[in-house]
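Read off the chains here:
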Amino acid sequence: MIYVESETIELKSKFTDTICKDIVAFLNTSGGDVIIGVEDNGNVIGVTAIDETYKKISDVITNQIEPNPQDIISSEIRYDEGKMILVIHVQKGVRPLYCQKKYGFSSAGCVMRVGTTCRNMTPEQIRIRYEKNFTDSDLIIHTPARYGTISFKTLKVYYAEKGYHLEASSFEANLNLRTPGGEYNLLAELLSDKNMIPLITVKFHGTDKASVSERNDYGNQCLLFSYEQIRNRLSAENLCVSDTTVRPRVDKYLFDFDSANEAVINALVHNDWNISQPLISFFNDRMEILSHGGLPKGQTRELFFRGISKPRNDMLMRIFMNMNLSEHTGHGVPAILAKYGETVFDIGDSYILVTIPFDKTVLNTISKKQDVGKNAGIHVGLNTTEKKVIDHIMEQPKATMESIAKEVGVTKRTIERTMRKLQGSGIVMRIGTKRSGQWILMK
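Because the structure is predicted, anything quoted here is derived from the model rather than measured.

## Quick notes on the nonpolar core
No. 1: In this structure, L191, L224, W273, M287, F320 and F345 are the most contacted members of the largest nonpolar core, which totals 62 residues.
No. 2: Among the elements that make up this core, the one with the highest residue count is helix α9 (residues 257-270) (7 residues).

As structure tokens, this is what we get:
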């Protein structure tokens, strides 16, 4: 018999670990045969340790492929040229998507047959097939973590502070932090004390992305703590102007904090973390919150705008609910609609972009203050040192304690006391680290 590799024939001189990849490729394409004991050029050399080879293949089929394809794979022993060869018959998969379990539903794990080779599937191909295969919530649970060191000290502190008493032996199981195969999953990585997942906020000069003025990464740590830092950042960015000519005084803010906060929570909870992380961008006239994955499977624009919630990552949503950071009431989207309307939502097949416009009155007031220079009203009730500090950080928001002390002409200890007082009074706020952060004027 003549053996030639094709789209449905894979020749192997002997058993190797790549057989798992070949089987997955056939499952994800049109099926085919893996023939062991035949070289690439068609030369029959046979299989000697047939029992051992059978055992290895059985392990691949039952333990190394997800979902389990046992029912659609069979094998036979053939004799050719007086030699024994082993043929693995792989039918086209009954499920839309199969993967090598050790890589999960990633491009490395999901392959398909193209000609005589196995090709990695693109994230978009995986997403489309996956939506036909599982519920959306499965993906974050089934995908193995990519970062080796996983620990949950921060997460356990959050639960303890909320009065939850989860047994150490069942903590991971209760929160679905492992794949069905027993490995830590992507959800565990997101909630781990340390991880390799960034969570970026970017501030741009002007109204486009031509020039970046500031970039901060709140990721690489437990997502609950990352969210709290982002929430504090939103508060710091939400400048307020007051009209003291009327009684009671009228305060006007740059944007509606509750709407922006709900948009951020939705971005974190409903994001497809297998594609990329959310991105929060600040411009001179607006804020943008981008999440990936589009609407979850089974969700429509109508249901979305009616506030009928269908979380992509159900367990992550439940954890946010446990921490009283989110509600499972569908309140978030209607709250944003009530304030800004449907036009702030841009919903694509693979993304959702929420644009929160800044209040024009506040922008104009801030612009006028900047045009005038130093605002005398800021200085009311402050001593000489405090006034000088305010003037300096308005011009140099990234100034250090040392540089401020040198500019003002006092000791560093005096500046430290002054800053504590100004921060305690809510006049200034520090964003970021001592080395790379900056001062924000709040009043």
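Having seen the structure, we can now continue with the description.
## A short note on the pairing of strand β13 (residues 279-282)
No. 1: As judged from the 4 bridges shared by strand β9 (residues 200-204) and β13, these two strands associate in the parallel manner. Residue pairing in the sheet places V202 in a bridge with S281 of β13.
No. 2: As paired strands, β13 and strand β14 (residues 286-292) are joined by 4 bridges and run antiparallel to one another. Residue pairing across strands places F282 opposite M287, the latter belonging to β14.
No. 3: Linking β13 to β14, which pair antiparallel, is a turn of 3 residues.

## Looking at the sheet that holds β13
No. 1: Across the sheet, 6 strands lie side by side as β10-β9-β13-β14-β16-β15; this open sheet has mixed pairing. Each having just a single partner strand, β10 (212-217) and β15 (345-347) make up the two edges of the open sheet. Direction aside, neighbouring strands of the sheet carry axes that sit 15 degrees apart on average.
No. 2: Each of β13, β14 and β16 (351-357) is contacted by α9, which is oriented at about 20 degrees to β14, the strand it contacts most.

## Comments concerning the pattern of salt bridges
No. 1: Considering all chains together, one arrives at 16 salt bridges under this definition.
No. 2: Note that K12 and D22 form a salt bridge whose closest N and O atoms lie 3.0 Å from each other. On the criterion of sequence distance, the pair formed by K12 in strand β1 (residues 9-12) and D22 in helix α1 (residues 19-28) is long-range, its members being 10 residues apart. Judged on exposure class, the residue K12 and its partner D22 are both buried.
No. 3: With its nearest N and O atoms 2.8 Å apart, the salt bridge here joins E172 to R178.
No. 4: E172 sits in the partly exposed class, given a relative accessible area of 23%.
No. 5: The exposure class assigned to R178 is partly exposed, which follows from its relative accessible area of 35%.
No. 6: Each of E10, K12, D22 and R113 takes part in one network of salt bridges that share partners.

Definitions and cut-offs
- Residues numbered from 1 in each chain as written.
- Predicted model: local features only at pLDDT ≥ 70, side-chain atom pairs only at ≥ 80, totals over all residues.
- Heavy atoms only, no water.
- Core = buried A, V, L, I, M, F, W, Y, C linked by side-chain atoms within 4.5 Å.
- Buried < 20%, exposed > 50% of the residue type's maximum accessible area, 1.4 Å probe, protein only.
- Helix = DSSP H or I, 4+ residues; strand = E, 2+ residues; numbered from the N terminus.
- Pairing = 2+ DSSP bridges.
- Axes fitted to C-alpha atoms, helices over the stretch in contact; angles between N-to-C directions.
- Contact = heavy atoms within 4.5 Å.
- Salt bridge = Lys/Arg side-chain N within 4 Å of Asp/Glu carboxyl O.

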